[in-house]
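The residues making up each chain are set out below.
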Amino acid sequence: MSSYASDNPAQQAITVTRLRKMKQDGEKIAMLTAYDASFAAVLEQAGVDIVLIGDTLGMVIQGHDTTVPVTMDDVIYHTRMVARACERAMVVADMPFMSFSDPARALDNAARLMQEGGARMVKLEGGGDVINVVANLSKHGIPVCAHLGLQPQAVHKLGGYRVQGRDQKTADAILHDAKAMEAAGADIVLLECVPNALAKKITEALTVPTIGIGAGRDCDGQVLVLYDVLGISLGHRPRFAKDFLAGLTAGDISISSAIRAYVDAVKQQHFPDDEHSFH
Ligand code: KIV
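Within any chain, residue numbers begin from 1 and follow the written order of that chain's sequence. Whole-chain, interface and lining totals are the exception, using all residues; otherwise, since this is a predicted model, local features are given only for residues with pLDDT of at least 70 and side-chain atom pairs are given and counted only at 80 or more. Excluded from the side-chain calculations are hydrogens and water; all other atoms, namely the structure's heavy atoms, are used.

1. Concerning the sheet that holds strand β3 (residues 90–94)
Strands sit in the order β1-β2-β3-β4-β5-β6-β7-β8 around a closed barrel of eight strands; the barrel is parallel. Averaged over all pairs of adjacent strands, the angle between strand axes in this sheet comes to 25°, irrespective of strand direction. As judged from the four bridges shared by strand β1 (residues 29–33) and strand β8 (residues 221–224), these two strands associate in the parallel manner. The partner of M31 across the bridge, within β8, is V223. Lying on the sheet, helix α4 (residues 72–85) is in contact with β2 (50–53) and β3; it crosses β3 at an angle near 170°. In the packing of helix α6 (residues 131–139) onto the sheet, the strands contacted are β4 (121–125) and β5 (144–149), and the crossing angle to β4 comes to about 175°. For two strands to be treated as a pair, DSSP must find at least two bridges joining them. The way it works is that DSSP assigns letters per residue, a run of H or I at least four long becomes a helix, a run of E at least two long becomes a strand, and they are numbered from the N terminus. Note on geometry: axes are lines fitted to C-alpha atoms, helical ones only across the stretch in contact, with angles between N-to-C directions running from 0 to 180 degrees. It only takes one pair of heavy atoms within 4.5 Å for two residues to be counted as in contact.

2. Examining the packing of aromatic side chains
Between rings of Phe, Tyr and Trp, where Trp is taken as its six-membered ring, a pair exists when centres lie within 6.5 Å; planes separated by under 30 degrees are stacked, by over 60 edge-to-face, and by other angles tilted. According to the stated counting rule, one finds five aromatic pairs in the structure shown. Both rings, one in F244 and one in Y262, keep their centres 5.6 Å apart while their planes meet at 80°; by these two values the pair is edge-to-face. Here F244, found in the loop between α10 (226–229) and α11 (255–267), pairs with Y262, found in helix α11; they are 18 residues apart in sequence, far enough to count as distant. By the burial criterion, F244 is buried, and Y262 matches it. One aromatic cluster is present, formed by Y35, F39 and Y227 through successive ring pairs. Throughout, exposure labels follow a simple rule: accessible area from a 1.4 Å probe, protein chains only, divided by the maximum for the residue type, with under 20% read as buried, over 50% as exposed, and the rest as partly exposed.

3. A closer look at the environment of M31
Note that M31 resides in strand β1. Exposure remark for M31: the relative accessible area of 0% places this residue in the buried category. When sequence neighbours within four positions are dropped, the list of residues in contact with M31 reads V48, I50, L52, L190, I211, Q222, V223, L224 and Y262.

4. Topic: the nonpolar core
Each nonpolar core is a collection of buried residues, namely Ala, Val, Leu, Ile, Met, Phe, Trp, Tyr and Cys, held together in the definition by side-chain atoms within 4.5 Å. Counting 92 residues, the largest nonpolar core has L137 and L191 as its most contacted members. If we ignore the near neighbours within four places in the chain, the residues touching L137 are M95, A106, L107, A110, V122, L124, I142 and V144.

5. Brief notes about the pattern of salt bridges
The salt bridge criterion pairs a side-chain nitrogen of Lys or Arg with a carboxyl oxygen of Asp or Glu, the two atoms within 4 Å. Taken as a whole and judged by the stated rule, the model has nine salt bridges. Notably, a salt bridge pairs D25 with K21, separated by 2.7 Å at the nearest N-O pair. Of this pair, D25 and K21 are both found in helix α1 (residues 16–25), four residues apart, which corresponds to roughly one turn of the helix. Exposure remark for D25: the relative accessible area of 48% places this residue in the partly exposed category. In this structure, E204 and K200 form a salt bridge, with 3.0 Å as the shortest nitrogen-oxygen distance. With E204 and K200 both in helix α9 (residues 196–205) and four residues apart, the pair spans about one turn of that helix.

6. A short note on the site of the ligand
Residues in contact with the ligand, as listed here, are T33, L52, G54, D55, T56, D94, K123, H147, L190, I213, V223 and V225. Counting of polar contacts relies on pairs of N or O atoms within 3.5 Å, with two restrictions inside protein: one atom must be capable of donating a hydrogen and the other of accepting it, and residues adjacent in sequence are counted only when both atoms are side-chain atoms. Between T56 and the ligand, the recorded distance is 2.5 Å, taken from a side-chain N or O atom to an oxygen atom. Take D94: an N or O atom from its side chain is 3.1 Å from an oxygen atom of the ligand. Here, Shrake-Rupley sampling with a 1.4 Å probe gives the accessible areas, and only protein chains in the shown set may cover a residue. Surface burial for the ligand is 97%, taken as the share of its 260 Å² of free accessible area covered by protein chains. Considering only residue class, the shell around the ligand consists of five nonpolar, four polar and three charged. Here a residue is considered near a molecule or strand provided that any single heavy atom belonging to it is located within 4 Å of it. Note on residue categories: nonpolar means Ala, Val, Leu, Ile, Met, Phe, Trp, Tyr, Cys or Pro, charged means Asp, Glu, Lys or Arg, and polar means any other residue, Gly included.

Below, the structure is given as structure tokens:
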């Protein structure tokens, strides 16, 4: 039986309504990436609230140096595997580079992620330029996670992976975009690599939850890339990433324990600390 019907709140499926309630109640949201059914089952068992099939799969699974080469078929393939293992957790699929370049294309591709992949929400990168896309998806009943701050799909335009919103002008622009995303119907605003104070301001200004990655502990939730949590990232590890496997004590060293340690650290607001944040 679907966990939508469970009487036990801890087992009920995570919905957009539940995520808003978690924000209101001050209950932190734990989000993590996964790309296959086995890892997704471990995340589900560990109490991860949102499982993201991120286009980071281009790097950690496929070995590319950016997320740009990832295709719709790639994301659908991995979303299907993850969705089969998730009952309680909200399954969010990333819209890859150029898959949402106009509202009609975005609608077709978001529908594919939901119908063929089994996603319950889609995530897309971009600010003011994609507000009409977000509004159109929302109008058609598609939950959206809007990804602001550092947008890795624009890495070639940005000239590298850098903290965003450090000066007043860019900070104001990100705050403005976050409010516009909520007004357009976004259900989550994800903030990547922005200073703590800006993330706090945005979190306080919105009704929908914020999820941070390199955005400090005042966000309503946190997300990391699974392979960073397990200390098996290829190449450079970003400042915000933490290896939770390495932090386990002898006698309790397992992948499940590392994921549980991440969930506990998010829920108890021990992560991120200053070492994994930007000021
Ligand atoms: O693609 C991804 O995994 C992401 C996270 C880093 C937030 O966007």
